[in-house]
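# Examination of the molecular architecture
Residue strings, one per chain:
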Amino acid sequence: MIIYDTMAFLDRQLTIFKQDDALVFVSLAIDGVKEFHLFYPNEQVMRATLIEIIDFQCYVTGKESDFSQLKINYLRGTPFQRDVWTAMHEMLPNETLTYGELAIRANHPTAIRAVASAVGKNPLTIINACHRILPKSGGVGQYRYGSEMKQKLRQLDQAMMASKLTEKSDIITL
């Protein structure tokens, strides 16, 4: 059984899905359960309270959140897709990459278009930082939830990093 929890997130709703002890899907769709079933039509879901929602509550308010510490799993995905998703998951906080740079990190340097396709099928948005993958030509590029949401997530990342620097500065001046 897969359990899920939801919260208000910016001008949307965020829904997280968990199986056993690992997050398996994150949605920013208006109806996260419906989107989940587009990816995994045969899975049964049940609403529950998930402690991991706290990480997203901190993130949306600009507080430090370390998504790399969350246990994750993939319900499906080709080895190629998993390579791309893992490379996104391992990005440093607030790091951005082009699709070509991500292709190199995922050990598929000549498969830039296929990497872009795998980014679009990322089941763990925000956790696997697909919003920080940018086109080489500039701009924010495409995002499953729209370029405006991608830009808002990038602004949250920047606010979190600024908050982190302020905390370090406060410690140094003590």
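Below, the structure is looked at part by part. Everything numeric here is computed off the predicted structure, so don't read it as measured data.

## With respect to the layout of surface pockets
Estimates place the volume of the largest pocket at around 280 Å³. In terms of lining residues, the largest pocket is bounded by 22 residues, among which Ser65, Asp66, Phe67, Pro93 and Arg132 are the most central. Put simply, the parts of the chain that give the lining of the largest pocket at least two residues each are helix H3 (79-89) and helix H6 (147-173). The greatest single-element share of the lining of the largest pocket, amounting to four residues, is contributed by H6. Here the lining of the largest pocket is composed, by residue class, of 11 nonpolar, five polar and six charged. The space that makes up the second largest pocket amounts to roughly 210 Å³.

## Thoughts on the sheet that holds strand S3 (residues 22-27)
The mixed open sheet is built from four strands, whose spatial order is S3-S2-S1-S4. Strand pairing shows two members of the sheet lacking a second neighbour, S3 and strand S4 (45-47), which therefore form its edges. Pairwise comparison of adjacent strand axes, ignoring direction, gives a mean angle of 30° for this sheet. Of the strands in this sheet, strand S1 (2-9), strand S2 (12-19), S3 and S4 touch helix H1 (residues 32-39), which is tilted by about 110° from S3. Against the sheet, helix H2 (residues 53-60) contacts S1, S2 and S3, and its axis sits at roughly 20° relative to S1.

About the criteria used
Residues numbered from 1 in each chain as written. Predicted model: local features only at pLDDT ≥ 70, side-chain atom pairs only at ≥ 80, totals over all residues. Heavy atoms only, no water. 1 Å grid on protein atoms, 1.4 Å probe; cavity = no way out; pocket = protein on both sides within 12 Å on 5 of 7 lines; lining within 4 Å. Points joined across faces, edges and corners; volume = space filled by probe spheres on them. Helix = DSSP H or I, 4+ residues; strand = E, 2+ residues; numbered from the N terminus. Nonpolar A, V, L, I, M, F, W, Y, C, P; charged D, E, K, R; others polar. Pairing = 2+ DSSP bridges. Axes fitted to C-alpha atoms, helices over the stretch in contact; angles between N-to-C directions. Contact = heavy atoms within 4.5 Å.

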